[in-house]
Amino acid sequence: GIILVHGIGEQRRFQHLDSQMRGLIRALHSLQRIGIVQQVSVDISPSGAAAFAADQDTWNSGPGPSVSVTVDHTLNGAPERARLLVHEVWWADVNEPYSLAKQFRFWLWGLAIWALPERPQAHGLGTASRVAPPVVPQRSWLWDRLRLWMVGLYFMLLGYSIGTASFLASRLFNWQTPNVLRTMANYISAVKLYNQQRRYGPGLFWKREEFLDSIDEPPRVSIRRRMIRTIADVASNRYHRWYVLAHSQGTVVAFNGLMETAYSWPGYLDEARWETLKQRPMAGTTAPGTPIPSPPFMPRRPGWAQPDEIVYCSRIFSRFRGFLTYGSPLEKFAGLWPALVPISRERTFPDDLPWVNVYDSLDPVSGKLDAFRAQPRACCPRPTDYGYAADWGLLIAHLHYLTHRSAPRRSGMPDDLATRTIRWMLTNDPLPFASSARGWALGTWYRPGDAQERIRVILAWSWWIGSAAVLAVLGAIALPVVVSAARSAGSAIWSAIITAVTGGIGS
């Protein structure tokens with residue numbers, strides 16, 4: 001079983017599954033060309049219903065897998081057949097619809113985030129004592145805040161300069177340029193959404209529009225519900241083993257699902273899934289004498305769950321074999337909002353469960369996960385960081401982790417992230433990630449702190465400084481045009497008002 005969790009963006013249903021599985025399937029085809037994989041078959045599970053006169057087939061989004069990949073291989077030395085059964089956690093629709101009010105709220109938040117107070121721990125919830133916040137080692141509060149301020153300044157320059165240039169190009173020359181401001185607001189606001197206490201709809205007066213099952217609860221409850229229900233489905237399907245692959249903001253969603261306390265689980269499920277878990281049995285009454293938490297709870301406790309009922313997390317995750325995060329902002333959440341990424345105190349996982357974290361210094365979202373190493377392994381797996389050259393572009397690198405790269409001429413064996421991930425899942429052995437193969441081309445690896453990482457850090461700073469300088473120049477060029485246009489518009493409006501008033505008096 002494979003659970004794919006998407007990050008920020010405007011993904012439609014199955015778009016993330018499609019894009020990520022393309023890289024993995026191309027990696028299988030590369031292994032097939034060198035004889036390690038003999039056969040690859042891909043089946044898309046159709047839905048039982050479809051729209052009348054639909055333009056395309058409807059995929060299955062229920063408890064079963066959406067895509068099934070059958071692989072005949074000899075990665076373990078002997079012929080084997082494996083089936084990869086893929087589920088997607090889709091939560092892009094939880095984001096607020098685009099509007100002018102959303103733009104206004106987004107820019108207020110983005111430009112003031114450097115001064116917002118930290119949220120060290122959630123208080124008041126009945127299950128608060130069962131989790132602990134991550135602790136970022138060797139923190140520099142001033143440096144963290146300064147970097148946030150510089151990021152806010154950078155995006156203000158970006159919005160002002162590129163936004164103004166796009167507006168003028170569309171009005172003066174009728175050029176259809178990308179709507180940069182809208183794209184920025186819709187993408188990055190997914191991070192803001194995770195911090196909000198309410199979900200708002202479009203309109204100037206910001207009408208609240210939570211989903212029916214999470215009224216008066218933060219939007220992140222709806223997002224976590226998607227993750228936990230998918231985990232329940234995969235666990236109930238009794239796959240031989242299963243993995244979670246999460247990208248970008250989706251790593252926060254996935255981590256929340258893995259760390260949720262046993263008593264909180266019923267609030268995320270529907271009654272049918274709850275009954276399925278009880279029949280397995282992966283849920284039931286707690287041990288005699290175990291104290292029952294007191295309200296309030298988030299999410300709210302459902303009426304069909306008895307006060308002493310919990311999920312048995314060790315059984316839910318008994319066949320869970322690995323967690324892959326790539327382009328993850330978890331360390332940044334740990335520094336800014338540790339209450340949003342709490343670590344469970346409940347013993348759930350085996351001590352040797354691998355957590356592979358892949359980052360690129362040219363990806364400003366990603367980073368090493370130092371804040372998640374102090375907890376007991378049975379409560380939370382220990383992440384192992386791997387540097388990876390995803391791309392040479394500052395922001396483009398965030399999107400190309402699972403892009404399949406061709407094999408180096410010397411070895412003939414592909415060694416990109418997609419290939420290592422496939423080898424890991426087919427063999428249940430994370431050894432491919434411990435490989436010492438290193439290089440400088442795209443799709444190659446580096447160790448934290450080595451020469452390649454230092455060069456990529458220097459390149460990243462060069463990108464930031466160079467692009468900020470270009471944006472500042474564009475802004476300086478656009479400023480006189482904007483001022484002149486504003487003056488002309490003001491003069492025209494004032495002249496029209498004077499003409500209307502004097503004309504009325506004369507008549």
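Model, not experiment: these values are computed from the prediction.

Turning next to the overall build of the protein. Check the secondary structure of the protein and you find 11 helices and 13 strands. For the protein, the residues scored as buried account for 49% of the 507 residues in total. In the protein, the proportion of contacts linking residues at least 24 apart, taken out of those at least 6 apart, comes to 77%. Summed over all atoms, the accessible surface of the protein reaches about 24400 Å², with 61% contributed by carbon and sulfur.

Once that is clear, we can look at the packing of aromatic side chains. One pass over the structure, following the stated rule, counts 19 aromatic pairs. Ring geometry for tryptophan 242 versus phenylalanine 317: centroids 5.9 Å apart, planes at 35 degrees, classification tilted. One end of the pair, tryptophan 242, is in strand β6 (residues 242-247); the other, phenylalanine 317, is in the loop between α8 (313-316) and β9 (320-326), with 75 residues separating them in the sequence. Classification of phenylalanine 317 as buried rests on a relative accessible area of 2%. Centroid distance tryptophan 242 to phenylalanine 320: 4.7 Å. Interplanar angle 35 degrees. Geometry classified as tilted. Taken together, the positions of tryptophan 242 in strand β6 and phenylalanine 320 in strand β9 put the pair 78 residues apart, joining distant regions of the chain. With respect to class, tryptophan 242 is no different from phenylalanine 320; both count as buried. Cation over ring: arginine 226 sits above phenylalanine 211, and NZ or CZ is 6.0 Å from the ring centre. Lying over the aromatic face of tryptophan 392, arginine 456 brings its terminal NZ or CZ to 4.8 Å of the ring centre.

So, about the side chain of serine 222. On the secondary structure map, serine 222 appears in helix α5 (residues 219-236). Residue classification places serine 222 among the buried positions, given a relative accessible area of 5%. The contact partners of serine 222, leaving out residues within four places of it in the chain, are Val94, Phe211 and Ser214.

The next subject is the environment of leucine 442. Along the chain, leucine 442 falls in the loop between α10 (417-427) and β13 (445-446). When the C-alpha atoms of leucine 442 and aspartate 391 are compared, they prove to be 6.0 Å apart, with 51 residues separating the residues in sequence. In contact with leucine 442, other than residues within four places in its own chain, are Ala389, Ala390, Asp391, Trp392 and Arg405.

Between the first and last C-alpha of α5 there are 26 Å, a value that for 18 residues agrees with the 26 Å anticipated at 1.5 Å per step. Across the 18 residues of α5, 16 count as buried, placing the element largely inside the fold. Just downstream of α5 lies arginine 238, where phi reads positive at about 55 degrees.

This part takes up the packing of helix α1 (residues 15-33) against α10. A pair of packed helices is captured by two measures, namely the crossing angle of their axes and the spacing between those axes. Interaxial distance between α1 and α10 falls to 8 Å at its minimum, and their mutual angle equals 80 degrees. Between α1 and α10, the angle is such that the two are roughly perpendicular. Where α1 abuts α10, its residues Gly23, Leu24, Ala27, Leu28 and Leu31 lie against Ala418, Thr419, Thr421, Ile422, Arg423 and Leu426. Taken together, the residues of the contact of α1 with α10 break down into 7 nonpolar, 3 polar and 1 charged.

Side chains of a nonpolar character, in soluble globular proteins, are inclined to be buried together. Core analysis: the biggest nonpolar cluster contains 67 residues, and Val5, Phe255, Trp265, Phe317 and Phe372 have the highest contact counts within it. With 8 residues, α5 is the largest single contributor of residues to this core. Residues in contact with phenylalanine 317, not counting those within four places in the same chain, are Ile231, Trp242, Gly257, Leu258, Trp265, Thr348 and Phe349. Core analysis: the next-biggest nonpolar cluster, separate from the first, contains 43 residues, Phe14, Leu24, Trp59 and Leu362 among them.

Attention now goes to the environment of glutamate 331. Structurally, glutamate 331 can be placed in helix α9 (residues 330-336). With a relative accessible area of 15%, glutamate 331 lands in the buried category. Counting along the chain gives 36 residues from glutamate 331 to glycine 367, while the straight-line C-alpha distance between them is 6.8 Å. Not counting residues up to four positions away in its chain, the partners in contact with glutamate 331 are Val136, Pro137, Lys368, Leu369, Asp370, Ala371 and Phe372.

About the thresholds
Residues numbered from 1 in each chain as written. Predicted model: local features only at pLDDT ≥ 70, side-chain atom pairs only at ≥ 80, totals over all residues. Heavy atoms only, no water. Helix = DSSP H or I, 4+ residues; strand = E, 2+ residues; numbered from the N terminus. Buried < 20%, exposed > 50% of the residue type's maximum accessible area, 1.4 Å probe, protein only. Contact = heavy atoms within 4.5 Å. Areas by Shrake-Rupley, 256 points an atom, 1.4 Å probe, with all protein chains shown as cover. Phe/Tyr/Trp six-rings, centres within 6.5 Å; stacked < 30°, edge-to-face > 60°. Lys NZ or Arg CZ within 6 Å of the ring centre and 35° of its normal. Expected span 1.5 Å × (residues − 1). Axes fitted to C-alpha atoms, helices over the stretch in contact; angles between N-to-C directions. Parallel < 35°, antiparallel > 145°, perpendicular 65-115°, else oblique. Nonpolar A, V, L, I, M, F, W, Y, C, P; charged D, E, K, R; others polar. Core = buried A, V, L, I, M, F, W, Y, C linked by side-chain atoms within 4.5 Å.

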